[in-house]
Protein chains: 2
Amino acid sequence: MGLLPVIAMIGRMVALFALLMLVPLGFAWFDHDRGEDAFITATLITFGCGLVMSLATRRFRRELQPRDGFLLVTLTWLILPAFATLPLLLAMPDLSFTDAYFETMSGLTTTGATVLTGLEKLPLSVNVWRCFLVLVGGMGIIVLVVAILPLMGVGATQLFKSETAGPMKDQKLTPRIAETARGLWAVYFTVATACFLSFHWAGMGWADAFMHMCSTMGLGGFAAYDASFGAFNSPLIEAVAVFFMLLAGVNFSLYFLVWKKRSLLVLWRDLEARVYFPLMIGSVLLIAAFLSWHGVYPTFWESLRHAAFNVVSIATTTGFATVDYAQWPIFAPVTMLFLCSFATCAGSTGGGIKLIRSLLLHKQAQRELTRIVHPRAVVPVTLGGAVVPNQVLASVQAFMLIYGSVMVVVTMLLLFSGLDLITASTAAIACINNTGPGLGQVGPANNFQGLTDFQTWVCTFAMLLGRLELLSVLVLFTPTFWRR
Amino acid sequence: MGLLPVIAMIGRMVALFALLMLVPLGFAWFDHDRGEDAFITATLITFGCGLVMSLATRRFRRELQPRDGFLLVTLTWLILPAFATLPLLLAMPDLSFTDAYFETMSGLTTTGATVLTGLEKLPLSVNVWRCFLVLVGGMGIIVLVVAILPLMGVGATQLFKSETAGPMKDQKLTPRIAETARGLWAVYFTVATACFLSFHWAGMGWADAFMHMCSTMGLGGFAAYDASFGAFNSPLIEAVAVFFMLLAGVNFSLYFLVWKKRSLLVLWRDLEARVYFPLMIGSVLLIAAFLSWHGVYPTFWESLRHAAFNVVSIATTTGFATVDYAQWPIFAPVTMLFLCSFATCAGSTGGGIKLIRSLLLHKQAQRELTRIVHPRAVVPVTLGGAVVPNQVLASVQAFMLIYGSVMVVVTMLLLFSGLDLITASTAAIACINNTGPGLGQVGPANNFQGLTDFQTWVCTFAMLLGRLELLSVLVLFTPTFWRR
Ligand SMILES: [K+]
Ligand SMILES: [K+]
């Protein structure tokens with residue numbers, strides 16, 4: 001393992017990351033807010049550190065191999081949040097590093113869980129930075145899951161193409177990734193621009209439109225108000241948000257294909273998308289009917305409005321809220337958290353198991369039931385007509401198993417540290433699936449502020465694990481990885 | 001599928017089952033309690049029904065094939081509890097059929113969850129019948145999992161011997177099963193006798209010793225007192241119970257081997273047993289230390305005493321209690337419920353996933369992590385030196401998946417019907433793992449009495465599913481099974 005070549009790469013990324021701080025700095029200048037000095041200092045420190053890291057390791061610079069990718073990816077998502085805390089720490093002297101790191105990790109993993117309250121009183125530039133981190137995190141994640149992880153042999157998108165199922169040892173990483181990234185980002189920014197303009201058109205100010213566009217596109221969930229989208233109290237704004245959350249939950253490579261082939265049929269032919277939209281619509285209707293039945297809101301239409309926004313928000317792992325849905329009869333919020341564990345598509349900015357894995361697991365379970373009746377029958381598992389190799393199925397099963405184990409371990413650690421069962425288990429779900437709000441003490445009306453430092457670190461690590469699809473982080477803890 | 005040959009077989013079992021009612025009837029005579037008439041009537045009705053079922057289907061009687069086994073097993077565990085309700089319904093006119101069926105299903109699946117309170121005021125014979133059902137259920141389960149399910153290609157014990165991994169289509173079921181059953185039951189009754197005498201020696205009356213022996217051997221958890229083992233308040237009785245609960249959690253075929261080879265080394269050589277005992281002891285010490293640390297009891301010894309009994313009771317899926325451990329800091333009871341999901345050995349009367357499956361899943365997850373680093377390496381999963389075929393691994397994975405799905409579905413149904421999250425999720429765990437008590441409304445200080453009829457039926461079906469290792473029931477719901 002070459003640590004130094006990886007550091008050389010990360011150094012360049014840190015220097016680039018410093019340039020991203022110019023965006024909130026622009027808002028600070030424009031708004032004459034307290035964040036100005038903080039962002040100038042933070043940009044300089046970050047750029048300086050990146051430069052030093054890059055120069056000091058210059059002679060180790062070389063083409064990275066797929067195996068270096070594991071170290072690169074995890075270190076990137078550990079180091080960038082650290083630099084991202086600088087402006088927060090400088091602008092808010094009362095903020096601890098633990099909380100600041102949680103906040104920036106939450107942004108860059110597009111989790112959107114927050115430890116801050118009184119968001120409306122923060123400098124505009126700080127809120128912009130929080131939300132902008134989600135947009136940047138989303139960009140990173142799309143490239144990560146579509147282009148990088150498949151080369152390393154992990155991640156859900158590798159399941160689509162058997163030719164990328166095994167990592168290609170001798171393939172050079174950078175040129176191929178750069179090419180894919182350009183295409184994906186073009187699509188991402190096109191949709192983002194449409195989202196930005198739609199939010200403004202629906203009634204948001206430009207700054208609000210920008211911040212909530214960032215948070216929507218990354219399926220992040222940060223808002224500039226403690227009441228989240230409830231602060232706008234506008235059905236039109238909610239409808240726009242629902243539309244773009246739904247769009248952002250789809251595999252972005254599909255949009256790339258839609259654009260190249262100039263045909264929406266691509267979406268219809270995609271296995272995941274064909275399940276995704278009906279699942280979302282069905283869930284919204286189910287919860288709306290359930291809320292009506294329980295008389296939570298006076299009319300069905302009001303139930304439908306709140307179900308549409310909050311169910312889509314949680315199921316797509318975004319995490320916005322318009323009402324305190326934790327007060328709904330418990331079946332509703334638990335169903336929403338259940339959905340967020342698997343309902344987004346691979347190649348989106350959503351978290352969790354992903355639909356493709358769930359579909360494969362479902363098919364495999366069916367196959368085993370058939371095998372019990374016909375023990376000698378050969379029943380292949382197929383996906384869109386093609387047979388899925390058993391090795392791929394095994395890796396999906398292992399993912400699922402590790403996902404469950406991580407869920408149990410995180411919950412147990414939080415229980416051990418004194419949280420109640422509902423808070424601990426839903427915090428684990430909300431962090432590992434990069435959703436944001438859970439229930440109980442971390443519910444939509446509260447946030448992660450009340451956690452102890454230990455609990456905050458557990459949640460921070462859970463967000464990281466979930467975001468990097470578990471295996472790509474956990475592999476670093478195996479002795480095999482470090483052996484030559 | 002031959003429904004009628006299966007009914008012919010079940011008819012004979014029902015007639016035999018009637019004879020088992022003579023045991024509580026004996027206690028009723030001896031104790032001159034109110035149950036006398038109830039048991040006489042119930043015995044006659046049951047015997048008559050069995051005879052009619054058997055005679056009416058006489059001409060369809062034939063050797064059963066492995067595939068008939070699925071229908072046989074599920075129908076047996078559906079029909080016997082129905083007949084078992086007769087004495088309860090006759091002796092307790094206020095009891096609904098729903099509750100009575102829950103109670104007898106709970107006994108015959110060795111779950112030990114109860115809907116009855118004021119147990120000490122019930123006729124002795126009724127309490128004997130409840131507990132005796134657990135002993136009978138345990139006998140059935142050991143033969144089921146060691147001899148019957150492996151022939152059908154399901155169950156955890158099939159994992160031990162590759163030669164039984166695939167069902168043998170042409171093998172005749174009955175002689176082979178009868179032979180295995182004789183050996184296992186000899187061991188079972190030897191241990192049961194030792195347990196019975198030990199309980200009496202430790203201070204229980206003969207009737208109490210008999211009832212609690214039944215409940216211990218089947219890892220059932222029914223007691224003759226509302227306070228469960230807390231009613232005795234005797235460290236010696238608790239120690240005896242802990243000892244025999246631990247013994248009953250081990251694969252009974254091992255004891256058969258110990259006896260044949262006259263060597264305890266068999267236990268040491270067994271993969272499961274080698275994990276089982278340290279796991280139990282470690283968990284007890286962990287929880288004892290945790291209780292001490294939180295100052296739940298004045299001394300470490302008292303913490304150890306209560307941890308030893310209650311942790312072993314829940315982890316082995318027995319379900320006795322000496323204290324209301326739901327009041328302990330929540331990490332402790334959740335850990336106990338977590339243990340009950342996997343900590344017993346295949347071939348015991350315990351429920352859950354079983355250690356052997358957990359070990360295989362753990363090894364497979366490790367393999368996938370290795371494969372990520374060395375994609376072209378061939379890393380077989382081994383068990384006690386032998387390579388485990390991929391097909392076996394796939395079936396374990398499918399089991400695990402279906403286990404998780406059933407857990408989610410049962411929890412969701414209970415939530416939908418209005419239970420709170422803690423009650424619903426722990427009731428699902430407690431029923432599917434055949435443990436008994438959960439937390440919240442179904443905690444050790446309460447029971448399942450407060451549930452609605454719908455909730456009671458959901459729990460009843462969950463106990464059945466868990467007991468019959470899920471797949472052997474669910475296969476009946478596949479169209480493939482019913483096709484010729
Ligand atoms: K989120
Ligand atoms: K039990």
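Please read these numbers as outputs of a predicted model, since none were measured by experiment. (Residues numbered from 1 in each chain as written. Chains lettered and ligands numbered in written order. Predicted model: local features only at pLDDT ≥ 70, side-chain atom pairs only at ≥ 80, totals over all residues. Heavy atoms only, no water.)

Before going further, it helps to examine the overall build of chain A. Each helix and strand counted, chain A has 20 helices and 2 strands in total. Its C-alpha atoms give chain A a radius of gyration of 22 Å, within 12% of the compact-globule value 23 Å for 484 residues. Its C-alpha atoms give chain A principal-axis dimensions of roughly 75 × 70 × 55 Å. Out of the 484 residues in chain A, the part that is buried amounts to 63%. Counting only contacts in chain A whose residues sit at least 6 apart along the sequence, the fraction spanning at least 24 positions is 71%. (Helix = DSSP H or I, 4+ residues; strand = E, 2+ residues; numbered from the N terminus. Rg over C-alpha atoms; globule rule 2.2 N^0.38 Å. Buried < 20%, exposed > 50% of the residue type's maximum accessible area, 1.4 Å probe, protein only. Contact = heavy atoms within 4.5 Å.)

Before going further, it helps to examine the coordination of the potassium ion (ligand 2). Residue and element names in this part refer to chain B. Binding of the potassium ion (ligand 2) to the protein goes through Thr-110 (O), Thr-111 (O), Leu-219 (O), Gly-220 (O), Thr-317 (O), Thr-318 (O), Asn-434 (O) and Thr-435 (O), at separations of 2.4 to 2.8 Å. Spacing between the donor residues of the potassium ion (ligand 2) along their common chain follows T-T-x107-L-G-x96-T-T-x115-N-T. One end of the pair, Leu-219, is in the loop between helix H8 (206-217) and helix H9 (235-248); the other, Thr-435, is in the loop between helix H17 (421-432) and helix H18 (453-467), and 216 residues separate them in sequence. The pair formed by Leu-219 and Thr-435 is uniform in burial state, with each residue classed as buried. (Donors = N, O, S within 2.8 Å, 3.2 Å for Na, K, Ca; no water.)

What follows concerns the relation of the copies chain B and chain A. It takes a turn of 180° to lay chain B on chain A, together with a shift of 0.0 Å along the axis; the resulting RMSD is 0.0 Å. This pairing of chains is accounted for by a two-fold axis. Residue Gln-397 of chain B of chain B places its C-alpha closer to the rotation axis than any other residue of that unit, at 3.3 Å. Looking at chain B, 100% of its interface residues are interface residues in chain A too, so the copies touch through the same face. (Least-squares fit on C-alpha atoms with pLDDT ≥ 70 in both.)

So, about the coordination of the potassium ion (ligand 1). Under ideal tetrahedral coordination, the four donors around a metal are separated by 109.5 degrees; under ideal octahedral coordination, the six donors are separated by 90 or 180 degrees. Residues and elements named next belong to chain A. At this site the potassium ion (ligand 1) is bound by Thr-110 (O), Thr-111 (O), Leu-219 (O), Gly-220 (O), Thr-317 (O), Thr-318 (O), Asn-434 (O) and Thr-435 (O), with donor distances of 2.4 to 2.8 Å. All donors of the potassium ion (ligand 1) belong to a single chain; written as a sequence motif, their spacing is T-T-x107-L-G-x96-T-T-x115-N-T. One end of the pair, Thr-110, is in the loop between helix H5 (97-108) and helix H6 (124-152); the other, Asn-434, is in the loop between helix H17 (421-432) and helix H18 (453-467), with 324 residues separating them in the sequence. The residues Thr-110 and Asn-434 share a single accessibility class, namely buried.

All chains considered together, the criterion is met by 68 aromatic pairs over all chains. With centroids separated by 5.6 Å and ring planes inclined at 20°, the aromatic side chains of Trp-293 of chain A and Phe-416 of chain B adopt a geometry described as stacked. A residue pair is termed interchain when its members come from two chains, as with Trp-293 of chain A in helix H12 (residues 271-293) and Phe-416 of chain B in helix H16 (residues 390-416). Relative accessible area serves as the criterion here: at 58%, Trp-293 of chain A is assigned to the exposed category. Taking the centre distance of 6.1 Å and the plane angle of 55° together, the rings of Tyr-325 of chain A and Trp-328 of chain A count as tilted. This pair shows no difference in class: Tyr-325 of chain A is buried, exactly as Trp-328 of chain A is. In this structure an aromatic cluster arises from ring pairing among Phe-199, Tyr-225, Phe-229, Phe-232, Phe-309 and Phe-320 of chain A. For the cation-ring pair, Arg-130 of chain A lies above Phe-222 of chain A, with the distance from its terminal atom to the ring centre recorded as 4.3 Å. (Phe/Tyr/Trp six-rings, centres within 6.5 Å; stacked < 30°, edge-to-face > 60°. Lys NZ or Arg CZ within 6 Å of the ring centre and 35° of its normal.)

Counting from both sides, the interface comprises 49 residues of chain B and, opposite them, 49 residues of chain A. Note on chain B versus chain A: buried area summed over both sides is about 4300 Å², and carbon and sulfur give 79% of it. Elements with a contribution of two residues or more to the side of chain B that touches chain A: helix H4 (66-91), helix H12 (271-293), helix H14 (331-339), helix H15 (355-373), H16, H17, helix H19 (471-474) and helix H20 (479-482) of chain B. Examining the composition of the side of chain B that touches chain A, we find that 12 residues originate from one element, H16 of chain B, more than from any other. Among the residues making up the side of chain B that touches chain A, the classes are represented as 32 nonpolar, 11 polar and 6 charged. (Buried area = accessible area lost by both parts, 1.4 Å probe. Nonpolar A, V, L, I, M, F, W, Y, C, P; charged D, E, K, R; others polar.)

Time to look at helix H9 (residues 235-248) of chain A. One turn of an α-helix holds 3.6 residues; hence residues three or four places apart share an orientation. Residues and elements named next belong to chain A. Over its 14 residues, H9 extends 20 Å from the first C-alpha to the last, a length consistent with the 20 Å expected when each residue adds 1.5 Å. Where burial is concerned, most of H9 is hidden: 10 out of the 14 residues are buried. Looking at H9, one finds that the buried residues are Ile-237, Glu-238, Val-240, Ala-241, Val-242, Phe-244, Met-245, Leu-246, Leu-247 and Ala-248. (Expected span 1.5 Å × (residues − 1).)

One non-glycine residue with positive phi stands out, namely His-32 of chain A, at about 50°. Within the chain, Thr-317 of chain B stands out as a residue other than glycine whose phi angle is a positive 65°. Residue position: Thr-317 of chain B is located in the loop between helix H13 (300-315) and H14.

On to the UniProt feature "transmembrane region" (unreviewed entry) in chain A, then. Residue and element names in this part refer to chain A. UniProt feature "transmembrane region" (unreviewed entry): in the numbering of this structure it lies at residues 38-57, 69-92, 132-160, 181-203, 236-256, 276-296, 334-356 and 398-416. For residues 38-57, the end-to-end C-alpha separation is 28 Å, with 95% helix and 0% strand making up the annotated structure. Taken as a whole, residues 276-296 contains 86% helix and 0% strand, while its terminal C-alpha atoms sit 27 Å from one another. (UniProt positions renumbered as here; feature names shortened; annotations may be inferred.)

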